[in-house]
Amino acid sequence: MHAEDWIVERLRGLREDDLYRSTTTYADAGGHVNADGRKLLNLASNDYLNLAQHPDVIAAAKRHLDQWGTGSTASRLVTGTLPCHQQLEERLATHKSYARAVLFGSGYMANVGVITTLVGRGDHVFADRLVHASLIEGVLASRATLHRFQHNDPDHLAALLSEKSDQGRCLVVTESVFSMDGDLAPLAALGEIAVKNDAMLLVDDAHATGVYGPQGAGRVAEENLQGIVNITIGTFSKGLGGYGGFAACSESMAELMINRSRSFIYTTAPAPAAVGAAMGALDVLQEHPEYGQDLLARAARFRQTLEQQGLETGAGTSHIIPLLIGDSAATLAVARELHDQGVLVVAFRPPTVPEGSARLRLAPTLAHSDEELAQAAEKIAAVAGSRAHAA
Ligand SMILES: Cc1ncc(COP(=O)(O)O)c(C=O)c1O
């Protein structure tokens, strides 16, 4: 079939299944955005602490831009390593209480680069059934055998590990705060099983970074699990309001990343302004270690208000609140109606979430007042009401 023909056919199929996606341009970014001349309360961003708009973060990015220019001009192993990269890596290692940290272009690149470095053909990855696409991408690229354990089920993980009979290396993979469900992984229990089975443990702290733990250092730091979590992934792109990713790990693992990780080696070093924004965000959190707790308290009040309105908000306790609808078309319709009422939520559909579990993902941020959130809850209940149900 001619290339254009199969592409058109594929797009038609996506439309028919209500899985077609397109980008929308918003006039601005933040907790409130303008679209089609209308002001919307943005419950769809990952800028949980509103740091993308923070003057100190912007100023730090500008200082780095002025000092080092727009680009790092080369990959890290060529001439792209600047003092700001080294400073940020040292700071992140201290922040996360690991021996070392390694910067990547994004959280996605960190996940792919780390997994492909740690395992290969003949090895095994045991991943929670709901982990993020970037982690799965890493497993597929590594050619290791993928085993999925039931969501947040350490017993199932233990059972799968006990079935393995060859000598291949084992890596257990989970998120600490699940991006689409907002529930928390039982990190200590998973860690115990990993240690018992001589498996490595990778925790993706993407949605916990900035929110949980001392000065937003994440859930691994909060629970002091650095001794059993071999590698923690973080991103600047969510709670820290910027862009970029990193891995925190041991000295030798960092050296291995630098020598073997293709998404570290074969790409240009992160831009100075992005490095500066990350530094600025860490400074803000040092000065305001209460921000994460403030957000969690605000999210808990919002969750409670939604429940008082008769909505089920799932098993989570975090700042990410799923409203399960199930059917993709119905979820899209609810998102559209809410948009018309000034509330911006996005319909998450397969393959981002499992088949039949399309949902709205509500993410309140520090840019939103309790009053605004209460008003939004009323609108969400009125529109989603009978269509939303428990996970
Ligand atoms: C759990 C998880 N890990 C990693 C990523 C990727 O992070 P980044 O946006 O920095 O590429 C995301 C976000 O999309 C995520 O939700």
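Conventions adopted
Residues numbered from 1 in each chain as written. Predicted model: local features only at pLDDT ≥ 70, side-chain atom pairs only at ≥ 80, totals over all residues. Heavy atoms only, no water. 1 Å grid on protein atoms, 1.4 Å probe; cavity = no way out; pocket = protein on both sides within 12 Å on 5 of 7 lines; lining within 4 Å. Points joined across faces, edges and corners; volume = space filled by probe spheres on them. Helix = DSSP H or I, 4+ residues; strand = E, 2+ residues; numbered from the N terminus. Nonpolar A, V, L, I, M, F, W, Y, C, P; charged D, E, K, R; others polar. Near = heavy atom within 4 Å. Polar contact = N/O pair within 3.5 Å; in protein donor to acceptor, adjacent residues only side chain to side chain. Expected span 1.5 Å × (residues − 1). Buried < 20%, exposed > 50% of the residue type's maximum accessible area, 1.4 Å probe, protein only. Arc of directions from axis to C-beta. Contact = heavy atoms within 4.5 Å.

A. Examining empty space enclosed by the protein more closely. Tallied over the full model, the rule gives two cavities of 30 Å³ or more. Its volume calculated, the second largest cavity comes out at about 30 Å³. Every residue along the wall of the second largest cavity is listed here: R76, L103, F104, G105, S263, F264, T267, T268, A269 and P270. The set of elements that each furnish at least two residues to the lining of the second largest cavity consists of β3 (100-104) and α11 (262-265). Partitioned by chemical class, the residues of the lining of the second largest cavity number five nonpolar, four polar and one charged.

B. Molecular detail of the site of the ligand. Around the ligand lies a shell of 15 residues, among which D204, H207, T235, S237 and K238 are the nearest. Within the backbone of Y108, one N or O atom sits 3.0 Å away from an oxygen atom of the ligand. Here an oxygen atom of the ligand sits 3.2 Å away from a polar atom, N or O, in the side chain of H132. Of the residues contributing to the shell around the ligand, the split by class is two nonpolar, 10 polar and three charged.

C. Inspection of helix α2 (residues 55-68) at higher detail. For α2, spanning 14 residues, the distance from its first C-alpha to its last is 20 Å, which sits close to the expected 20 Å at 1.5 Å a residue. Three or more residues of α2 are buried, namely V57, A60, A61 and H64. Angular distribution of buried residues about the axis of α2 spans 100°; they occupy a single face of the element. Residues of α2 that are exposed and point over 90 degrees away from its buried face: P55, K62, R63 and D66. Taken together, the buried residues of α2 touch α4 (83-96) and α12 (272-287). With its phi angle positive at about 90°, G69 sits one or two positions after the end of α2.

D. Main features of unusual backbone geometry. The amide bond that connects P350 to the next residue, P351, takes the cis arrangement and shows omega of 10°. Following the sequence through the fold, P351 ends up in the loop between β12 (347-348) and β13 (358-362). Phi at D18 is positive, roughly 60°, even though this residue is not glycine. You can see D18 is positioned in the loop between α1 (3-16) and β1 (32-35).

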